[in-house]
Amino acid sequence: MKLAAIFSEHLMLQRDKETYIFGETDIDETITVSIDDISVKSDVKKGDFRIKLPAHKAGGPYTMTVSGTSGTVTVEDVLYGEVWLANGQSNIELELQGARGGLDIINSIDNDRVRFYNVPKCAIMDEVPEAENGLTWRLCKKGDFKDISAIGYYFADVISRELGVPVGIVDCYRGGSSVTCWLKEEILHAMPEGDPYFKSYDEACEGRTEEEYEAEIIDYDSRVEAWCAREAEVHKTNPSLAGHELEEAIGNFPWPPPMGWKSAWRPCGIYYSMLERIIPFTFKGILYYQGEEDGPRYQLYKNLLKALIKEYREDFMDETLPFIDLQLPMWIERTAEETREWGGLREAQRQAVEETDNTYLSILLDCGEVDNIHPVDKETPGTRLAVNTLEWIYDSDKGATSPELDKTTVDGNRIILTFRNTFGLLKTADNELLDYRNENTSEVPNHIYGFEATSDGADWFVPEAKLAGDTVELTIPDGMSVKGIQYGYFNYGKVNIYNAKDMPLAPFKKELL
């Protein structure tokens, strides 16, 4: 009898919910799971098994024993608290050691309120046994938690302090992964949105022998190793160098890797080699930060994301499992044309969330860097995510959410915008975003950034905008008929409107009749 690797020393279990203990056995046997005052006995068949435990309040540490005919497994230092899955691609994968200020935290703090478990980044199942060997949950001990998700850490730190209970983060992510990497085959094959992804995969693999593919992998790995060696050398003298400046110094990171059956970025691949390894662990909810890879296909994204949410709720056996999506921040390559793909992707995120119960969107429109798809400020999105979650999930008076467009009123050449979630006030505030679109060429003080209007549905211009309490008034040139307005609907540009609780205005796109 063998438990799934996630059931290891320093385990964190979700409080106040029924939880599943699972693994595999080589025989039919009776297995008993005991922890604190809980003891559950179950007859299981040869193969995979799962045993449901009743809900337990926050507390610990406890010892959990799982015993049967084939042996006994003991798991020490188990806590009950709040457990969240951190899932997606590189921006939630970015580790605390790589975030601005992260090393200071790692080297100065013992945080006994936060624990984490890193699901191994395996591309194929053959890699799993070795990767899981000796794997355990980790404590945030001084100098020894550099590889926790930075966003996950900031989120967990705020939640644990506000709720007064320990928080566990299960890190399950892979940089560069499409939403389709996390969907199982029967789901993605049944969706027309999956066809372009399978077609691209087939085309990438076509006309190449297995030997040629293996040679490409060896060559690629050597180029990555050389790049990482250069990075390490540069960081000895300039540890904060990142993004465009780093690549100017050492060259562009080798990307993409060769596509094939061993690629973590093939459709459906890491569902089986990563996500399935922790199903059906019990979570309070899911933190999902992904979409960068799907920008060029943003028209397909809404239905793919909705399918993912449905899949996760079925797999983790909780049809109302909270799903919190982190919105894409601002980003554009320094020499790239403004395509508005990320504006389209953010809109797809909004639509998917709006159409799915118990699903939420954390607004990051005021975050991001030019030419660095991995912004190093992870404290802002992590703490904002926590404050949003306190509002949405925990009904805390410390929570808050972003203002959203509620109503538009046309009055002559004025368009008056009314918003919900303003908490009585809208205001401007500066942030790290640059006026990359040259909106404020006259350098007008307190300029309101981010609004656009169109008279023909194709060409967009910047209207005059002013705040009036918790509304915004746009002024259109006399005699012009406006067909649409939008806010923040671009890959990168400055925006600067917040509500009374310092939450940024959510982007929107609105047609006017």
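Student: For this particular structure, what's the right way to read the side chain of Thr401?
Tutor: Assignment of secondary structure puts Thr401 in the loop between α12 (379–392) and β17 (404–411). Take Thr401: its relative accessible area is 10%, and that puts it in the buried class. One polar contact links Thr401 to Trp392, side chain to side chain, over a distance of 3.3 Å. Among all residues touching Thr401, those that are not within four sequence positions of it are Asn388, Glu391, Trp392, Asn421, Phe423, Asn499 and Met503.

Student: Hey, could you run me through the sheet that holds strand β24 (residues 484–487) in this one?
Tutor: Think of a sheet as strands paired side by side through backbone hydrogen bonds, with each pair either parallel or antiparallel. If you walk across this open sheet you meet the four strands as β21-β20-β24-β26, and the pairing is antiparallel. Both edges of this open sheet fall to β21 (460–461) and β26 (508–511), since each of them pairs with a single strand only. Sheet topology places strand β20 (residues 451–454) next to β21; two bridges connect them, and they run antiparallel. Directly across from Ala453, in β21, lies its bridge partner Phe461.

Student: What should I look at first to understand the packing of aromatic side chains in this one?
Tutor: Remark: the centre distance and the inter-plane angle together describe each pair of aromatic rings, the angle taken between the planes. Summed over the entire model, instances satisfying the criterion amount to 23 aromatic pairs. Between Tyr288 and Phe323 the ring centres are 5.4 Å apart and the planes differ by 40 degrees, which places this aromatic pair in the tilted class. Of this pair, Tyr288 sits in strand β12 (residues 285–289) while Phe323 sits in strand β13 (residues 323–326), and the two are 35 residues apart along the sequence. This pair shows no difference in class: Tyr288 is buried, exactly as Phe323 is.

Student: So what exactly am I meant to see when it comes to unusual backbone geometry here?
Tutor: Only a minority of non-glycine residues have a phi that is not negative, and only a minority of peptide bonds are not trans. In the segment running from Gly60 into Pro61, the intervening peptide bond is cis, with an omega of 10 degrees. Along the chain, Pro61 falls in strand β7 (residues 59–68). Between Ile279 and Pro280 the backbone carries a cis peptide bond, its omega angle lying at 5 degrees. Looking at the secondary structure, you find Pro280 in the loop between α9 (269–273) and β12. With phi around 50 degrees, Asp395 is a residue other than glycine that occupies positive phi space. By the secondary structure assignment, Asp395 is in the loop between α12 and β17. Take Asp395: its relative accessible area is 72%, and that puts it in the exposed class. The residue Asp502 is not glycine, and still its phi comes out positive at about 65 degrees. Along the chain, the position of Asp502 falls in the loop between β25 (497–499) and β26. Residue Asp502 is classed as partly exposed on the basis of its relative accessible area, which comes to 45%.

Student: How should the packing of helix α4 (residues 150–163) against α12 be read in this particular structure?
Tutor: For any two helices packed against each other, one specifies the inter-axial angle together with the distance between the axes. As a packed pair, α4 and α12 sit with axes 7 Å apart at the nearest point and diverge in direction by 40 degrees. Between α4 and α12, the angle falls in the class oblique. The way α4 lies across α12 gives a crossing that is right-handed. Across the interface between the two elements, Ile151, Tyr154, Phe155, Val158, Ile159, Glu162 and Leu163 from α4 touch Glu379, Pro381, Gly382, Thr383, Leu385, Ala386, Thr389 and Leu390 from α12. Of the residues belonging to the contact of α4 with α12, the class tally is ten nonpolar, three polar and two charged.

Student: When you look at the layout of surface pockets in this model, what are you seeing that I'm missing?
Tutor: Over the atoms a probe the size of a water molecule is rolled, and this reveals where empty space is left. In this structure, the second largest pocket spans a volume of roughly 580 Å³. If you go around the second largest pocket, you meet 26 residues; those closest to its centre are Arg350, Glu354, Glu404, Leu405 and Arg420. For the lining of the second largest pocket, the secondary-structure elements that each account for two or more residues are α11 (341–354), β15 (359–362), β17 and β26. Grouping the constituent residues of the lining of the second largest pocket by class yields ten nonpolar, six polar and ten charged.

Student: Would you mind showing me how to read the environment of Lys378 here?
Tutor: For Lys378, the location among the structural elements is in the loop between β16 (368–370) and α12. Considered as a pair, Lys378 and Gly101 are 277 residues apart in the sequence and their alpha carbons are 9.2 Å apart. If we ignore the near neighbours within four places in the chain, the residues touching Lys378 are Asn91, Leu94, Ala99, Ala150, Ile151 and Tyr154. In terms of polar contacts, Lys378 uses its side chain to reach the side chain of Asn91, at 3.0 Å. At a separation of 2.3 Å, a polar atom in the side chain of Lys378 contacts the main-chain carbonyl oxygen of Pro375.

Student: What should I look at first to understand the sheet that holds strand β18 (residues 414–420) in this one?
Tutor: Spatial strand order, β17-β18-β23-β22: four strands in an open sheet with antiparallel pairing. Where the open sheet ends on each side, the last strands, each with one partner, are β17 and β22 (464–468). Strand after strand, the sheet turns through a mean of 25 degrees between neighbouring axes, direction not considered.

Student: How should helix α8 (residues 243–250) be read in this particular structure?
Tutor: Every α-helix carries 3.6 residues per turn, so stepping three or four residues along brings you back to the same face. Those residues of α8 not exposed but buried are Gly243, His244, Leu246 and Ile250. Projected down its long axis, α8 carries its buried residues within an arc of 160 degrees, all on one side. Exposed side of α8, more than 90 degrees from the buried face: Glu248 and Ala249 are the residues found there. Buried-residue contacts for α8 involve α7 (210–237). A positive phi of about 95 degrees marks Gly251, the residue just after α8.

Student: Which parts of the structure should I look at to understand a negative patch on the surface?
Tutor: A surface patch of like charges, here negative, comprises Glu24, Asp26, Asp48 and Glu276. In this structure, Asp26 sits in the loop between β3 (19–25) and β4 (29–35).

Student: I would appreciate a short explanation of the environment of Thr282 in the present structure.
Tutor: Note that Thr282 resides in the loop between α9 and β12. Thr282 sits in the buried class, given a relative accessible area of 9%. For the pair Thr282 and Trp84, spaced 198 residues apart in sequence, the C-alpha to C-alpha distance is 8.9 Å. Leaving out residues up to four positions away in the same chain, Thr282 has contacts with Gln14, Lys17, Glu18, Thr19, Tyr20 and Val83. Only 3.3 Å separates the side chain of Thr282 from the backbone nitrogen of Tyr20, close enough to count as a polar contact.

Reading the values: the criteria
- Residues numbered from 1 in each chain as written.
- Predicted model: local features only at pLDDT ≥ 70, side-chain atom pairs only at ≥ 80, totals over all residues.
- Heavy atoms only, no water.
- Helix = DSSP H or I, 4+ residues; strand = E, 2+ residues; numbered from the N terminus.
- Buried < 20%, exposed > 50% of the residue type's maximum accessible area, 1.4 Å probe, protein only.
- Polar contact = N/O pair within 3.5 Å; in protein donor to acceptor, adjacent residues only side chain to side chain.
- Contact = heavy atoms within 4.5 Å.
- Pairing = 2+ DSSP bridges.
- Phe/Tyr/Trp six-rings, centres within 6.5 Å; stacked < 30°, edge-to-face > 60°.
- Axes fitted to C-alpha atoms, helices over the stretch in contact; angles between N-to-C directions.
- Parallel < 35°, antiparallel > 145°, perpendicular 65-115°, else oblique.
- Left-handed = near helix turned anticlockwise from the far one by under 90°.
- Nonpolar A, V, L, I, M, F, W, Y, C, P; charged D, E, K, R; others polar.
- 1 Å grid on protein atoms, 1.4 Å probe; cavity = no way out; pocket = protein on both sides within 12 Å on 5 of 7 lines; lining within 4 Å.
- Points joined across faces, edges and corners; volume = space filled by probe spheres on them.
- Arc of directions from axis to C-beta.
- Patch = residues over 30% accessible without salt bridge, like charges linked within 9 Å, V, L, I, M, F, W, Y side chains within 5 Å.
- Areas by Shrake-Rupley, 256 points an atom, 1.4 Å probe, with all protein chains shown as cover.
- Salt bridge = Lys/Arg side-chain N within 4 Å of Asp/Glu carboxyl O.
- Lys, Arg positive; Asp, Glu negative; His and termini not counted.
- Charge placed at Lys NZ, Arg CZ, Asp CG, Glu CD.

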